[in-house]
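Below are the chains, spelled out letter by letter.
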Amino acid sequence: MFGSGFIDTTDQAVGGMLYILTECASAENVRRGRLVEAVCEILDRRLADAEECGGDPSECHREVLCEISTQLTVSLSTGRTLLDTSEALNHLPLTALRLIFGGIDWARVVVLASVLGKASARTVKVIEFQALAAAESMAPRRLRNRVWSLWMQFAGAEATAAQTEAKAKSTGVNIHEDGTGMSVLRAQMSDLQGAEAEALISEIAATVCKKDPRTGQQRRLDGLLASLYGERALACRCEFAEECSAAGVAEEIAPRRGHLLNILIDVETLLGLSSTPATLPDGTALDPDLVRMLAQDARWQAILTELVEVLEVNRGGSTGSATETGSDETRERTALPTNDEEDSKEDNSVETVFRDCGHDNPVAEQSDPGSNGTRDDGPESPLPRVEQVLRRILGRGRVRGPAEVPRPGPHQIDQHTSGEDSALRRYVDSLLREIEHDPSKAAGVFPDGHGGLENPPPGALPYRPSRAVASMVRMAYRTCTFSSCDTPSSRCQLDHIVPFDHDNPRAGGWTVGSNLHPVCICHHQAKTARMWPCAMLSGGAILWTGNAGSRRITLPGLSVPNSPPLRVRKRHPVPPETRPDGPTWWEKHMPPRTHPPSRSELARAGTDEARSTIRELRRRFREHRAVEDARERRRPAPY
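None of these values were measured; they are calculated from a predicted model. (Residues numbered from 1 in each chain as written. Predicted model: local features only at pLDDT ≥ 70, side-chain atom pairs only at ≥ 80, totals over all residues. Heavy atoms only, no water.)

Looking at the overall build of the protein chain
Piece 1. If you tally the helices and strands in the protein chain, you get 18 helices and 13 strands.
Piece 2. Counting the 639 residues in the protein chain, one finds 39% classified as buried.
Piece 3. Of the contacts formed within the protein chain by residues at least 6 apart in sequence, a portion of 67% connects residues at least 24 apart.
Piece 4. Taken as a whole, the protein chain presents about 36900 Å² of accessible surface, with 54% of it coming from carbon and sulfur. (Helix = DSSP H or I, 4+ residues; strand = E, 2+ residues; numbered from the N terminus. Buried < 20%, exposed > 50% of the residue type's maximum accessible area, 1.4 Å probe, protein only. Contact = heavy atoms within 4.5 Å. Areas by Shrake-Rupley, 256 points an atom, 1.4 Å probe, with all protein chains shown as cover.)

Regarding the nonpolar core
Piece 1. One finds Leu 143 and Trp 151 to be the most contacted residues of the largest nonpolar core, which totals 63 residues.
Piece 2. Sort the elements by how many residues they give to this core and helix H5 (residues 106–116) lands first, with 8 residues.
Piece 3. Of all hydrophobic cores here, the second largest spans 11 residues; its members include Tyr 427, Leu 537, Ala 541 and Ile 553. (Core = buried A, V, L, I, M, F, W, Y, C linked by side-chain atoms within 4.5 Å.)

Quick notes on the environment of Trp 586
Piece 1. With respect to the element layout, Trp 586 can be found in helix H16 (residues 585–589).
Piece 2. Here Trp 586 falls in the buried class, since its relative accessible area comes to 5%.
Piece 3. Between the alpha carbons of Trp 586 and Glu 623 there is a distance of 8.4 Å; along the sequence they are 37 residues apart.

Here we look at H5
Piece 1. Burial runs high along H5: 8 of the 11 residues are buried.
Piece 2. If you check which residues of H5 are buried, you get Trp 106, Val 109, Val 110, Val 111, Leu 112, Ala 113, Val 115 and Leu 116.

Topic: the sheet that holds strand E11 (residues 534–536)
Piece 1. Ordered in space as E11-E12-E13, the 3 strands form an open sheet in which the pairing is antiparallel. With one partner strand each, in any of the chains shown, E11 and strand E13 (551–554) form the two edges of the open sheet. Averaged over all pairs of adjacent strands, the angle between strand axes in this sheet comes to 20 degrees, irrespective of strand direction.
Piece 2. Examined bridge by bridge, strand E12 (residues 542–545) and E13 share 4 bridges and lie antiparallel to one another. Within the sheet, the bridge partner assigned to Ile 542 lies in E13 and is Thr 554. (Pairing = 2+ DSSP bridges. Axes fitted to C-alpha atoms, helices over the stretch in contact; angles between N-to-C directions.)

Some points on the confidence of the model for the protein chain
Piece 1. On average, residues of the protein chain score 76 in pLDDT, and 76% of them reach the 70 mark or higher.
Piece 2. Mean pLDDT values for the elements of the protein chain range from 31 in strand E7 (residues 362–365) up to 94 in strand E10 (residues 516–519).
Piece 3. Contacts for the low-pLDDT stretch residues 1–6, under 50 throughout, to residues beyond four places or in other chains number 0 contacts.
Piece 4. With pLDDT under 50 throughout, residues 311–388 is counted as low confidence; its partners more than four residues away or in other chains account for 251 contacts. (pLDDT = per-residue confidence, 0-100.)

A closer look at unusual backbone geometry
Piece 1. In this structure, Thr 73 takes a positive phi of about 55 degrees despite not being glycine.
Piece 2. By the element assignment, Thr 73 lies in the loop between helix H2 (57–72) and helix H3 (76–88).
Piece 3. Assessed through its relative accessible area of 59%, Thr 73 is described here as exposed.
Piece 4. Phi is positive for Arg 530, which is not a glycine, with a value near 65 degrees.
Piece 5. Note on placement: Arg 530 falls in the loop between helix H15 (521–528) and E11.

As structure tokens, this is what we get:
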């Protein structure tokens, strides 16, 4: 009796909580509808202004995209989804109405807008009601398939044309981290290409025996990587080499080239004196023990940087320049684990870069020692002293060969700097307040684009920067300098902050590091169209100012040098005897139904000549089987 009453009470409480969930979700949908209305209003006003001034509507879309992504602090892809969905809802009256009143969630709205946004008014009028009815009971993936099915039933030619257009615009591959130490590979392709990729992955994952210890998903992942390396089979990991049904399938696979990795790691961490995590160029944290293992076979390079602390902006000083305010610079020399001949200045610190010996890309290593020679003049601050927050790239040394990494010692240095992120936030806020008080400082520290130099240095007057200058600029900024944009600097264009004058290069902005920054294509075009002018502040901070008055500041973040060009493997022509349209060597020289020598026979061979002959026969048989597989694939269907 007691147990029954307890269950009833719990069920009633859960039922009440579920009702609250429903109410909160409906309220969230209503707020999302209000957000969509605001985006549509912004776009309408921008388009109206462009129509009056004879502007380009596509430029309006770019400006609105930059404005909403900056204001909401979201990526360009998220902002583009919001903008495209909002614009599509202008043609989907029933869907917009359901969203405004909280009757449909945002995920299903995105599905309906992404599909029916390309449909004609006649098609929308006929199938929108049915699509909304399907949205009440279907998950987004099933809903997308159902909407396409409805569209094809009503207007097949129109739906096919829309799919062809979507395929041309959306096809691509990207990789991103999910924040849990794992990465997500996403490939957008046509349905037929997806079915083909599924079949190929399943095929190569099935080349091992059933006793392979890996799970099905792990075999599929290994199969995908093997396909990327150009391999046709997986090596079985079972413990039954002789009895394995897949033995010999993966024999004589060419060795894989070294991993192409860029890694940033503190020199103290590499030497085992600290446990500060290493990072990839995009900031993804890596286990320091794993990086120490990779560094055993690596190429090295020294990076010379200037480390500046930003706490002085909280002590009543000016924020225009860290040097002018008397903010402290770290004065230190860091020993390198290689015999580097680069001389370091006393006011600078030395950092180290390494690149894998099988790797073709450099891996940077930062030195963040805890001691420095700083001044204590000025009033005391209740905030903790935060040192070495901003880094300025000054130079880098030559690439060195591998060096032995010592084992971690028992004593480690605590390199955790308390309050570093909050100090950076206060630093940015102080810069914004000072610019608000004195708008003339929004022009930056080098408004002429000459970097404080009287005469142009070598390479400053050509439009394209040298490889060394371009590499230094990309090292100083990890991503595109526009606020909340996470496009890696290696995939960005280098923009002249003060425009380059092609008619008179000496009068315009020079091609020097203090007048260059990496910007993605979208934000570069927005800056060129004068929608979002930018300027460089002290310490390499980039100020972006929108036409609506919004200001955002991006601070530099140490990255790694540019990757050298990848070496393209030469493709060797297929021997004539291995082509499907002719007889194979095995068919010419071996009797029918002859089996190849087994691995046991290879192990029992007494001479090198016998072993070589057996290996050659096994290789010829594998070529024969590959040709048979190709013939089977080319055989016409039996219908």
